[in-house]
Amino acid sequence: AQTLAEGMPFNSTKECEYGELALRPAEGAHLPPPSWPGTASTISEITPSAKAGAGQPLAGASPASESLDRARTDATGQRLTTNQGVPIADNQNSLKAGLRGPTAMEDFILREKITHFDHERIPERVVHARGSGAHGYFESLVDLSEHTRATPFAQPGKITPVFVRFSTVAGERGSADTVRDVRGFAVKFYTDEGNWDLVGNNIPVFFIQDAMKFPDLIHAVKPEPNNGIPQAASAHDTFWDFASLSPEATHMLLWHTSDRAIPRSYRMMQGFGVHTFRLVNAEGVSVFCKFHWTPVDGTHSLVWDEATRLAGADPDFHRRDLWEAIEAGEFPEWELGLQIFDEELADSFPFDVLDPTKLVPEELVPLTPVGRMVLNRNPDNFFAETEQVAFCTAHVVPGIDFSNDPLLQGRIHSYLDTQISRLGGANFHELPINAPLAPLHNNQRDGIHRQAIPRGRVAYEPNSLGGGCPFQAGMAGFTSFAEHIAADKVRGKPEKFADHYSQARLFWQSQTPPEQQHIIDAFRFELAHVQTPAIRQRVVSMLVNVDARLAAQVAVGLGFEVPLAMPAVGPAPDVQYDPSPGLSLLSRLGEKGIRTRKIAILADADSPPDKVNLMRDTLREQGANVKVIAARLQVISADGESLAVDIPLSASPSVLFDAVIVADGVTIEQELDHNGLALEFLKLQYRHGKPLLMTGRAQDLLPAAGIPAALPDGSPDPALFLVGGDDPAADLAPFIKALSGQRVYARETD
Ligand code: HDD
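As a convention, each chain's residues are numbered from 1 in the sequence order in which they are written. pLDDT decides what is reported in this predicted model: residues at 70 or higher carry local features, side-chain atom pairs at 80 or more are listed and counted, and totals for whole chains, interfaces and linings draw on all residues regardless. Each side-chain value is worked out from all heavy atoms of the structure, with water and hydrogens disregarded.

S.K.: Looking at this structure, how should I read the pattern of salt bridges?
M.R.: Any two side chains of opposite charge can pair, on the condition that their charged atoms come close. By salt bridge we mean one thing: a side-chain nitrogen of Lys or Arg within 4 Å of a carboxyl oxygen of Asp or Glu. Scanning the model with the defined rule gives 36 salt bridges in all. Linking Arg72 and Asp380 is a salt bridge whose minimum nitrogen-to-oxygen distance equals 2.6 Å. A residue pair is termed long-range when its members are at least 10 positions apart, and Arg72 in the loop between helix H1 (63–67) and helix H2 (108–118) and Asp380 in the loop between strand S9 (368–377) and helix H9 (382–387) qualify at 308 residues. The salt bridge involving Asp355 is made with Lys358; its shortest N-O contact spans 2.5 Å. We note that Asp355, like Lys358, is buried. Among the charged side chains, a network of salt bridges with common partners joins Arg264, Arg267, Asp297, Asp321, Arg597 and Asp658. Where helices and strands are cited, they refer to DSSP runs of H or I of at least four residues and of E of at least two residues respectively, numbered from the N terminus. The buried label applies to any residue whose accessible area, calculated with a 1.4 Å probe on protein chains only, is under 20% of its type's maximum; exposed applies above 50%, and partly exposed to all values in between.

S.K.: I keep staring at the coordination of the iron atom of the ligand and nothing clicks. Help me out?
M.R.: Ideal coordination angles are 109.5 degrees for a metal with four donors arranged tetrahedrally and 90 or 180 degrees for a metal with six donors arranged octahedrally. Shown as donors are all N, O and S atoms within 2.8 Å of a metal ion, widened to 3.2 Å for Na, K and Ca; because water is not in the atom set, sites may appear incomplete. Here the protein supplies the iron atom of the ligand with just one donor, Tyr415 (OH), and that contact is 1.8 Å long. Looking at the element boundaries, Tyr415 is found in helix H10 (residues 406–422).

S.K.: Could you clarify how one ought to interpret the site of the ligand in this entry?
M.R.: Here a residue is considered near a molecule or strand provided that any single heavy atom belonging to it is located within 4 Å of it. Around the ligand sit 23 residues, and of these Arg125, Arg165, Arg411, Tyr415 and Gln419 come closest. For the ligand, a nitrogen atom lies 3.4 Å from a polar atom in the side chain of His128. Here a polar contact is taken to be a pair of N or O atoms separated by no more than 3.5 Å, where protein atoms must pair a possible hydrogen donor with a possible acceptor and residues adjacent in sequence count only if both atoms sit in side chains. Gln419 places a polar side-chain atom, nitrogen or oxygen, 2.7 Å from an oxygen atom of the ligand. Elements represented by at least two residues in the shell around the ligand include exactly strand S3 (183–191), strand S4 (194–201) and H10. Considering every element that reaches the shell around the ligand, the biggest residue donor is H10, with seven residues. Side-chain classes are defined by residue name, with Ala, Val, Leu, Ile, Met, Phe, Trp, Tyr, Cys and Pro counting as nonpolar, Asp, Glu, Lys and Arg as charged, and the others, Gly among them, as polar. Of the residues that constitute the shell around the ligand, the class distribution is eleven nonpolar, nine polar and three charged.

S.K.: What exactly am I supposed to notice about the domain arrangement of the chain here?
M.R.: When the parts come together, some accessible area is lost, and that loss is often what is quoted as the size of the interface. Throughout the structure description, domain borders are defined by an automatic or database domain assignment. Taken domain by domain, the chain holds domain 1 (131–233 + 253–430), domain 2 (498–587) and domain 3 (598–747). Contacts are residue-level and defined by heavy atoms, with any inter-residue pair within 4.5 Å sufficient. Contacts between the two partners involve 21 residues from domain 1, matched on the other side by 27 residues from domain 2. Summed over both sides, the interface between domain 1 and domain 2 buries roughly 2,100 Å², with carbon and sulfur atoms accounting for 64% of that surface. Accessible area that two parts lose when put together, with a 1.4 Å probe and added across both, is what the buried area reports. Ranking the residues of domain 1 by area buried against domain 2 places Leu254, Thr257 and Arg260 at the top, with a combined share of 28%. Inspection of the region where domain 1 meets domain 2 yields zero salt bridges. Across the contact surface, domain 1 and domain 2 share six residue pairs in polar contact (both at pLDDT 80 or more). By residue number, the principal contributor to the side of domain 1 that touches domain 2 is helix H5 (residues 250–256), which donates four residues. The class makeup of the residues in the side of domain 1 that touches domain 2 is nine nonpolar, seven polar and five charged.

S.K.: Teacher, can you tell me more about the UniProt feature "domain: Catalase core" (unreviewed entry) in the chain here?
M.R.: When the UniProt feature table is mapped to this numbering, "domain: Catalase core" (unreviewed entry) covers residues 81–469. Secondary structure content for residues 81–469 is 22% helix and 19% strand, and the end C-alpha separation is 41 Å. UniProt positions are given in the numbering used here, feature names are shortened, and annotations may be inferred rather than shown by experiment.

S.K.: Any chance you could explain the UniProt feature "active site" (unreviewed entry) in the chain here in plain terms?
M.R.: The sites that carry the UniProt feature "active site" (unreviewed entry) are, in the present numbering, His128 and Asn201. The greatest C-alpha distance among the residues just named is 10.5 Å, despite their covering 74 residues of sequence, which places them together in space. Classification of His128 by relative accessible area gives buried; the value is 19%. Setting aside anything within four residues of it in sequence, one finds His128 in contact with Arg165, Ser167, Thr168, Val169, Gly184 and Asn201. Structurally, Asn201 can be placed in strand S4. Those residues within four positions of Asn201 in sequence are excluded, and the remaining contacts are His128, Val182, Arg183, Gly184, Phe185, Phe206, Gln270, Gly271, Phe272 and Val274.

S.K.: For this particular structure, what's the right way to read the sheet that holds strand S18 (residues 720–723)?
M.R.: Backbone hydrogen bonds hold the strands of a sheet together, and the pairing may be parallel or antiparallel. Pairing is parallel across the open sheet formed by six strands, whose spatial order is S15-S12-S11-S16-S17-S18. Edge positions in the open sheet fall to strand S15 (647–648) and S18, since each of these has one partner strand only. Taken together, the four bridges between strand S11 (residues 598–602) and strand S16 (residues 659–662) define a ladder with parallel strand orientation. Directly across from Ala600, in S16, lies its bridge partner Val660. In this fold helix H15 (residues 609–621) packs onto S11, strand S12 (625–630), S16 and strand S17 (692–695), with an angle of close to 155° to the strand it touches most, S12. To get an axis, fit a line to the C-alpha atoms, keeping to the stretch in contact for a helix; angles then go from 0 to 180 degrees between the N-to-C directions. Of the strands in this sheet, S11, S12, S16 and S17 are in contact with helix H17 (residues 676–687), which crosses S16 at around 135°. Strands were regarded as paired on the criterion that DSSP finds at least two bridges between them.

S.K.: Before we go on, may I ask you to explain the confidence of the model for the chain in this structure?
M.R.: Any region with low pLDDT has predicted coordinates that should not be read closely. For the chain, the average pLDDT comes to 90, and 90% of its residues sit at 70 or higher. Values of pLDDT, the confidence the predictor places in each residue, fall between 0 and 100. When the criterion is pLDDT under 50, residues 1–18 qualifies, and its contacts beyond four places in sequence or with other chains add up to 26 contacts. Across residues 21–61, where pLDDT falls below 50, the model places 63 contacts with residues more than four positions away in sequence or in other chains. For this predicted complex, the interface score ipTM comes out at 0.99, alongside a pTM of 0.91.

S.K.: Explanation requested: unusual backbone geometry in the structure shown.
M.R.: In most cases, non-glycine residues show a negative phi, while peptide bonds are predominantly trans. The amide bond that connects Ile229 to the next residue, Pro230, takes the cis arrangement and shows omega of 0°. In the segment running from Cys469 into Pro470, the intervening peptide bond is cis, with an omega of -10°. With respect to the element layout, Pro470 can be found in the loop between H10 and helix H11 (502–509). At His449, a position not held by glycine, the phi torsion is positive, near 60°. Assignment of secondary structure puts His449 in the loop between H10 and H11.

S.K.: What am I meant to see in the side chain of Thr257 here?
M.R.: Residue position: Thr257 is located in the loop between H5 and strand S5 (271–272). When near neighbours in sequence (up to four residues on either side) are disregarded, Thr257 contacts Arg180, Trp240, His518, Ile519, Ala522 and Phe523.

Here you go:
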């Protein structure tokens, strides 16, 4: 038994760190105390780390995540080792020649640890660097074998495991979630016949028509190369320079400036495969198809002022939201709908279905619901799963095939290629998150970090020495659709690709007035950050071709006359579409009411604990995420009941909440009112169109916060509720209804 020398710092788990004791650590000194649950108390009881599935119960397990058990490790109850499995006695001190001497070169434990650390970063994705993922499953609702032999659609009720990653495009790995950007929506289906990756976005069209221009687009939107500014933003000269010289981008630019580019949550946005794909059935017959994911939570967006504030208040806003919803068992869900059409119908459209800047209006081809996707498990390890997952548009399975969309064709090359440098070699398919559940056998061999140990002397085909195995699957394998092609080899585009404005106009005309105003505001914001006047003018000259009012409003905001329309690049059909209401975000409320919505209850020392508790509990019963907020952390007590404040006002800005209730007792005279943050909180809730429920004396706060009782046009505000506070259940009903709906955009005035 050793004792600490007088006056030494004491830490019972680190007592060997100091002085003479460091030379001879006591037996077991670095083991956790025996009282820890599941912990061995002597060295002889310790077993080597189990590789599979030791430890935590699987919350919301899905078949795919179970298969990852083979790779999951759990250190509970295990001793610390090197990468070679050698037990480590002392993880605090390097090996030195004497307590004050130099470190020994032979300290392989130190060197291994530091070397691994030095190499623990991998390159971030060249685009879509910032993202969040989750496991789940796809359930087919139909038997779609008439159109495709893809196994996920083989029969109603068929379950296919998935891993999904949502992302922003332009920002770096540590950038904020709520910036104005397209969101990636990539789904990996682990099907019976190999992995199928549907690598889509939350916007159904794209900026460019040919993969040839993708590096230019991305170089233009990324931070400018001389000064590395701005991060995760399109509001700068190089982006709009490129965009204004690419009229094909016009349609996408309207989506990009719309509220689609600032979603409220990953759970509340649509997903699209963007391109036209092919479905191929067992007889080799093919139809065209577009993939649409529609969220059961409805489509909801932030407002721009809120999005920019959120980037500071919680840069992980979307990541946290997805994580928390899944942890709470509020599993995000989407319906998969297909637009299926044949070549003859496609030829009759006024646009080309191979053009990724065009969508197929649902009025032309309605959606057929074919299945649902549920995300029910968070990853165990962000790096191993979300960072190392590799999506590739080239990953298709029998029954799914490509169209000749020139953007898609280029993507087929890019994804496999980029993973090789990002994940360090050609064997990234062996990483657990990327490995198919379907059996994998071929003659591809070796390469950096090979995991599999293929047996036998045969690594070629045909062979007789291996009994001809692995053998070709013939018609049971993937067969490309036998499309007849007789054409000249050319660099160019079909004529219909030259219509850059008709669908931009369709989108514009399908928006509600507040959505149109947001597009105008976003163009003004973006172009106000452009320093070169000619670029601003060029963008507006594109908009003239879309809609006169849009162009005029943007020009007024930027202080110049509406320029002449940008000349057309060539003869192109100018199509008049009927508005398509489904293109408005406000058309999809969702079915989940206030579930997962975040509600703040502002309270004060005078607030009645019984009533506040009742309101909080009622809202929580309906699935809302409620936080009681006051000027400081405290327990409010009265009449034998108490109410614990969850978080102080200074740590919970307004933008983190979808709605606010101000409890009775929060009065003009009270502390909360003297706290400018409280008034700011209310003001922002109001400006961002959110429901406010002011109970009892709290109503007096409204004038102090500058909140008018009626809307600017004099009509009653549909989400501002002034109530007595004596009957919480009755008070809450209209508030809950308002929160289940869309925001009050009529409050937005200059
Ligand atoms: Fe891409 C990543 C979606 C055009 C090249 N893309 C990437 C991701 C998504 C998309 C969601 C992130 C996947 C993940 O979470 O890991 N990309 C799209 C969509 C496009 C599109 C919907 C147009 C319809 N992309 C596109 C083109 C090219 C690329 C035209 C190149 C020719 N995309 C890539 C890439 C990335 C990528 C360089 C970067 C990281 C990665 O692949 O894994 O290969």
